[in-house]
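# Chains, contacts and geometry: an overview
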Amino acid sequence: MTIVVNSLRKTYTAGATEHLAVDGIDLEIGPDEFFTLVGPSGCGKSTTLRCIAGLETPTSGQILVDDEDVTDTAPNKRGLAMMFQDIALYPHMNVIDNIAYPLKVRGIDKEERYERAREVADLMQIPELLKKYPGELSGGQRQRTAIARTIVYDPRAFLMDEPLSDLDAQLKVEIRKEIQRVHERAEKPTVYVTHDQSEALSMSDRIAVMNDGNIMGVGTPDELYEEPENTFVAGFIGNPSMNFIPGTVTDRSNGLVTVEAYGEEFELELTDGVQEDDAVEIGIRPERVNVVSDTEAGRFTGRLELIERVGDRRLATVDVPDGEIRALNLRERGLQQGEDVSVVFDTNDIHLFDGKTGDAIKHPVTYSKRGEAAQLD
Amino acid sequence: MSADTPIGYWYQLPYQTRKKVYNWLLNLVLAVGLVIVLFPIYWMLATSFIPPEQLFSVPNPLVPTNATLESYVAVLETDVLLWYKNTVIFAAGVVTLTTVAATLGGYGLARLDIPYKKTFARVILFGYMFPPILLSIPMFIFWRQIGIINSLPGVILAQTATTLPFSLWLMWQFFQTVPYSYEESARVIGCSRFQAFYEVALPLAKPGMIAVSIFSFAIAWGAYTIPTILLTSNSKWVLTLGLYSFTQAESVLWGQIMAASTLLVLPTFFFVYYLQKYILRGFRATRI
Amino acid sequence: MSLRESLATDQLHRYRRGLFESLSKRWVFVGLTVVPALAVFTFVNLFPMLWALAASFFEVGALQPEWNWVGLENFRIIVNDDRFWSSLSRSIVFAVGSVGLQVVAGTALALLLNRSFSFKRGVRAIALLPYIVPSAVLSFVALWMGNSRYGIINQILVQTGLTQEYLAWYGSLNLAMPSVIVTSSWKFTIFVTIIVLARLQSIPPSIYEAATISGASKLDRFRDITLPNLKGVLFIVVLLRGVWMFNKFDIIYILTNGGPQNRTMIASIYAYRTAFSDFNLGRAAAVSTLLFVLLVGAAIVYFHYFEPSQEVRVE
C-alpha cells in the first residue's frame, strides 16, 4: 500500500486576496512507511494531510492511494483512517459505540461490530471503559479510544493530524509508543503531521520538512540531521537549533577554501561550489560547540550571557558580535554567567551554506575520514 | 455501479462535481425558503405604495405601477405619530426593565448561595405556563385599584410578565458559562464583591444581555394582548392597537394598514442585521 | 491636572470605593441582585396567577367588586360545557400542528443556514426577520394576502392554475385552522431556527470529519451525529413552543376571532370571551386554572417520558 501526491497545490481565496497554502508538492510514501510532515504552523502540512484525506479539495494536483487516483473520490470512500488534534470522539456515544462506528456505517451487524470493537479495546488496554462516555475519560483514555476507532476496520492508510499536541509530556511518550505499536502491527503507511521536530525525529522512517507551502527537505531522520539540504532544514531540525555564523570566502586554492567570520579564518576541504568573495553561512550544531573561560583558546570570544541546565547537559549562550552562539558540549565546570569566554569547535564539524540561497555546500567530515587528532579534541 | 440508471450515472460523476451540484440544490431550497420569508414583507411594502383605489382591481401587478405615497399621507393625518412615540417608550421601558432585572437576578442565582433557589427556578418555569391573556384579567383589576391602568408605566410593568421569566432563566444559564475565576482573580487583587460583578462579570455577560434585550424588544414591539386590555383610551395606544383604527365597519383601509405596518416594521430590520451574531452567541451560551 | 482637581478625583475614587464596599455586604448584594427580579416576578406573574387560582372558586363580575364563594361551581359549569372541550381540542390541534410545522421547518432552515455560502450575513439576517414582525402586523398582512376577493395568494394560485377559484383562507370551515397554523408558524419557525442554529454551531466540525473519514455518508452523519446532538435542544424547544402556542391569543384573535363558526375558537379565545363577553371573571379564572393544570400535567408527563438522558459533553 502506498500514497503518492503529485504536484499538489491548494489556494484559499479570502475576499479579494488569494492565500497559497500548498505550492505544488510531490510526495511518495511507501508501503508500511511512517512518514512525517513537519514544519512551523501555517506551513501547509495540515492542509496537505487534509487533501490526502479528502477533507479539502486540491486546487490542482493528484492523490493516489495504492496507485488508484482518489482525487475525485469522496472522503468517505477512500478507505483511510484519521486521528485529529482534538481527538474528535463523538460526545453522545459511549466508548464501544465510538469504536464500532466505522463498522456501523459499513453495514456490519451489531453483534459482530461489538465483538470486533471489544477486541481492539482489549488491544488498546481499555476493555473496562466500554460503557463510559468520552466526557468521563482521561486524556490518555480518550487517545486510546481514538486509536482503537482507527484500527477497528482495515484502513488503507493512517493519517494523523498532531494527535499528541494537547497531551502532557508523560502521556505524550506513552501514546507515542501506542501509535508506533499500531503502525508496526498494521503494516500500512502512516502520514503523521506535527510541528514538533523531536517527535518527528523519534517516530518517523522518513520526514518531509515544510515551510510556506513548499517541501524544504525530505529524508530519514539521520539524513536531515546530518546533512540538511539548506539552512531552513538545518535550523528546524535539532534542538537547540543550529548556530549560523555569516562569513565570506577569502581564498580558494589546492582543494581548500578559506572562510572568514568575525575576523577568524577557517580552512575547509572543498573543491567547488563557491567563488572568492561569496557570502556563506557557517552552520555548527550546539552539540559540537564547547565554551572555555580561557579567552585565548577558542575561535570567538564573547560574554557568557546565560548558562542553564537542559536534562543531563548544560546549555551556554554566548554573545558574539552579530548574535549569539549556543553551546551544548561543555566540559569546564566553573563557568560563570557574565564572564568573558571563548567558543571552541572543530572545523570538521562545520556545515557550509550558500549565503544567498541557503543551499548546503558542504557537510561535516565523517569520522572515518578524520584524523586521530581531531577525534581526540 | 453501472452508469445505466440515473443513480448509477450520478455516482459515476467525480466527487467534487457531485458536491457542487448538491450544494446548489441546497442553495435553491434555501432560496425558496427566503422567498417564503420575504414575500409577505414585500407585499406589505408594495401594498402601502399602491394607490388605494387600485387595490381592488384584480389582478394586482406584482410590482406596483404608478406608486404613490397617498396611504402614508393619510396615515400621518391620524394619531400614528403619537402611537409611534408610545410604542417606542413602551418597548424601551420593557427592554430596560427586563434586561436590568434579568441580568441582576441571573447573576444572583448563578453566583450566590441563596436558599430555595432551585424552587424559585421551577416556579419561574411553571409560571411561564400560565396563559398571558389570563394574566391580563387580574392585572386589569389590580392596576385599576392602584391607579396605573391606562398608563404607559403600568403597561410596561405588565408586559414584563411575558419577558422576564424566560430572560431570567437565560441570564442564569449565561452566567454559569462565564468562568468564576475571572471574578475570583479580581477579588484577589482587591476588588470588592460588587466591583468584581460590576467591572468583570457584567462586561463578560454582554452577549447574553444583548440576546435578552433583543428577545424582549421583539415581544414588546409587537405586543398586542396585554396593551389591548390595559390601555383603554386611544391616546395611550401603541401602534399595534392603532392598526385596528384603520378597519371600519364595512371596509378595511388596507393601504393605510400596510403603510402603518411598514413604519412599525422597518426600523427593527436594522437591529436584526447588526445584532444577529449576538443573537446566536447569546443563545449558544445558554446551552438549551 | 491641578492639585485641587486631583484631590477631587481622589475624593471621587474614595466615594466610589466606599459605595462599592457597602454594596458588597452580603444582604445588600443579595438584595441588589435577586430582589428586583423577584419583586417584579411576584407582582406581575405570581400575584395575578394566585388571584386567578383563588377567583376560580368565586363568582366574580367584571364590574362589581364583591366576590361570592361558589366552591367548585365554576369548574362544574365548565366541564359540562361542550364548547370548552371542543375549544380545548382545537388548542391541542393548533399547538401540535404549529409546533410540528415549526420544528420541522425551523430545523431544516437551520441546517440550510449552517453551511458556507455567499452573502451569509445578509441571508441569515433575512431569515431572522419574521421573528420581529409584530403578530398584529403579520395578522393584517395575512388577512390581506389571503383575502377571498383581492388576495394576492388567490391571484397567484388561480393564475398558475393550482386552484380553480378564489378561496376564503381564513373564512371557510375547513381551511381556517390550517391557515391559522401556517400563518403563525411563518413567524415562530424562526425561534426554532435560532436555537437549533446556535446548537449546530457548537458541534465541533472535527467529529463530522472523523465520521466522514471512517466511511460515513451524508445521511449517516445526519442520523448519527447531527440528530443526537440536537435531541437536547429539540426537547426544550418543543416544550417552550408547545406551551406558547397552546396559550397563543393575539394572532388568532385578529385573524379569525375564533370563527368561522367557532372553527378556530381555541381555549384562550374561549377564556377571553368568558371574561369579556359574558363578564364572568370567576369562570374565566377557572378556565385558566384548568388550562394551567393541564399544561403542567402535560409538561410533567413530557419530562418523564421524553427527557433525554443527561447529555454528556466533552468540553
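Residues numbered from 1 in each chain as written. Chains lettered and ligands numbered in written order. Predicted model: local features only at pLDDT ≥ 70, side-chain atom pairs only at ≥ 80, totals over all residues.

### Quick notes on the overall build of chain A
- For chain A, the count of helices and strands is nine helices and 21 strands.
- Projected onto the principal axes, the alpha-carbon positions of chain A cover approximately 80 × 45 × 45 Å.
- Looking at chain A as a whole, 41% of its 377 residues qualify as buried.
- In chain A, the proportion of contacts linking residues at least 24 apart, taken out of those at least 6 apart, comes to 65%. (Helix = DSSP H or I, 4+ residues; strand = E, 2+ residues; numbered from the N terminus. Buried ≥ 20, exposed ≤ 12 C-beta atoms within 10 Å, placed from the backbone. Contact = placed C-beta atoms within 7 Å.)

### Quick notes on the domain arrangement of chain A
Residue and element names in this part refer to chain A.
- For chain A, the assigned domains are domain 1 (3-235) and domain 2 (243-376).
- Taking only C-alpha atoms, the centre of domain 1 and the centre of domain 2 are 39 Å apart.
- Contact with domain 1, which involves eight residues of that partner, is made by nine residues of domain 2.
- Looking at the side of domain 1 that touches domain 2 element by element, the count peaks at three residues for helix α8 (residues 231-236). (Domains from an automatic or database assignment.)

### Some points on the interface of chain A and chain C
- Facing the 22 residues of chain A at the interface are 19 residues of chain C.
- At the level of elements, β6 (81-83) and α2 (95-104) of chain A are the ones that each hand at least two residues to the side of chain A that touches chain C.

### Here we look at the pairing of strand β16 (residues 300-310) of chain A
Residues and elements named next belong to chain A.
- Summarising the sheet, β16 and strand β19 (residues 340-344) pair through four bridges and their orientation is antiparallel. Note on β19: the bridge partner recorded for Thr301 is Ser342.
- Relative to strand β17 (residues 313-320), β16 runs antiparallel, the two being bridged by seven bridges. The partner of Val310 across the bridge, within β17, is Arg313.
- Once β16 ends, the chain turns through two residues before running back antiparallel as β17, passing Gly311 with a positive phi of about 60°. (Pairing = 2+ DSSP bridges.)

### Looking at the sheet that holds strand β7 (residues 158-161) of chain A
All names here are of chain A.
- Overall, mixed pairing links the six strands, which are arranged β6-β7-β8-β3-β9-β10 in an open sheet. Looking at strand neighbours, the two that pair on one side only are β6 and β10 (214-219), the edges of this open sheet. Neighbouring strand axes in the sheet, compared pairwise and without regard to direction, differ in orientation by 15° on average.
- Here five bridges tie strand β9 (residues 206-211) to β10, and the two strands are oriented antiparallel to one another. Across the sheet, the residue bridging to Met210 is Ile215, located in β10. (Axes fitted to C-alpha atoms, helices over the stretch in contact; angles between N-to-C directions.)

### A few points about the interface of chain C and chain B
- With 74 residues of chain C in contact, the opposing surface of chain B contributes 76 residues.
- Per element, the largest residue contribution to the side of chain C that touches chain B is 18 residues, and it comes from helix α2 (residues 26-55) of chain C.
- Its residues assigned to classes, the side of chain C that touches chain B comprises 59 nonpolar, 11 polar and four charged. (Nonpolar A, V, L, I, M, F, W, Y, C, P; charged D, E, K, R; others polar.)

### Quick word on unusual backbone geometry
Residues and elements named next belong to chain A.
- In this structure, Pro240 follows Asn239 across a cis peptide bond, with omega equal to -5°.
- By secondary structure assignment, the location of Pro240 is in the loop between α8 and β11 (243-253).
- Not every positive phi belongs to a glycine, and Ile87 is a case in point at roughly 70°.
- Within the secondary structure layout, Ile87 lies in the loop between β6 and α2.

### Structural notes on the confidence of the model for chain A
- Put simply, chain A has an average pLDDT of 89, and 97% of its residues get 70 or more.
- Below a pLDDT of 50 lies the segment residues 372-377 of chain A, which in the model reaches five contacts outside its immediate sequence neighbourhood of four places, other chains included. (pLDDT = per-residue confidence, 0-100.)

### Describing helix α5 (residues 120-128) of chain C
- Arg124(C), Ala127(C) and Leu128(C) are the residues of α5(C) that are buried. Taken end-on, α5(C) shows its buried residues confined to a sector of 100°, consistent with a single buried face. (Arc of directions from axis to C-beta.)

### Some thoughts on the packing of α2(C) against helix α13 (residues 281-306) of chain C
All names here are of chain C.
- At their nearest, the axes of α2 and α13 sit 7 Å apart, and the two run at 110° to each other. Taken together, the axes of α2 and α13 lie roughly perpendicular to each other. Crossing geometry of α2 relative to α13 is assigned as left-handed. When α2 is examined against α13, the residues Ala52, Leu53 and Ala55 are found in contact with a partner set consisting of Leu281, Gly282, Ala285, Ser288 and Thr289.
- Broken down by class, the residue content of the contact of α2 with α13 amounts to five nonpolar, three polar and no charged. (Parallel < 35°, antiparallel > 145°, perpendicular 65-115°, else oblique. Left-handed = near helix turned anticlockwise from the far one by under 90°.)

### Digging into the sheet that holds β17(A)
Residues and elements named next belong to chain A.
- Taken in spatial order, the five strands line up as β15-β19-β16-β17-β18 in an open sheet, and their pairing is antiparallel. Bordering the open sheet on either side are β15 (290-292) and β18 (323-327), each of which pairs with just one other strand. Neighbour-to-neighbour, the strand axes of the sheet open up by a mean angle of 45°, direction not taken into account.

### Focus on the domain arrangement of chain B
Residue and element names in this part refer to chain B.
- Along its sequence, chain B is organised into domain 1 (6-68) and domain 2 (71-285).
- For domain 1 and domain 2, the distance between their C-alpha centres works out to 33 Å.
- Between domain 1 and domain 2, the residue contacts involve seven residues of the former and eight residues of the latter.
- Split into classes, the residues belonging to the side of domain 1 that touches domain 2 amount to five nonpolar, two polar and no charged.

### Structural notes on the nonpolar core
- Residues Ala158(B), Ala220(B), Leu230(B), Ala260(B), Ala37(C) and Ala271(C) are the most contacted members of the largest nonpolar core, which totals 155 residues.
- Beyond its immediate sequence surroundings of up to four residues, Ala37(C) is in contact with Ala101(B), Ala102(B), Leu104(B), Gly105(B), Leu164(B) and Leu168(B).
- By size, the runner-up hydrophobic cluster in this structure holds 107 residues, among which are Leu55(A), Leu129(A), Met160(A) and Phe232(A). (Core = buried A, V, L, I, M, F, W, Y, C linked by C-beta atoms within 7 Å.)

### Quick notes on the confidence of the model for chain B
Residues and elements named next belong to chain B.
- Across chain B, pLDDT averages 85, with 95% of residues at or above 70.
- Mean pLDDT values for the elements of chain B range from 75 in helix α5 (residues 117-127) up to 93 in helix α4 (residues 80-111).
- Among the scores for the predicted complex, ipTM is 0.87 and pTM is 0.84.

### Remarks on the environment of Val192(C)
Residue and element names in this part refer to chain C.
- Among the secondary structure elements, Val192 is positioned in helix α8 (residues 176-201).
- With 49 residues separating them in the primary sequence, Val192 and Arg241 have C-alpha atoms 8.4 Å apart.
- Beyond its immediate stretch of four places on either side in the chain, Val192 contacts Gln102, Val103, Gly106, Thr107, Val237 and Arg241.

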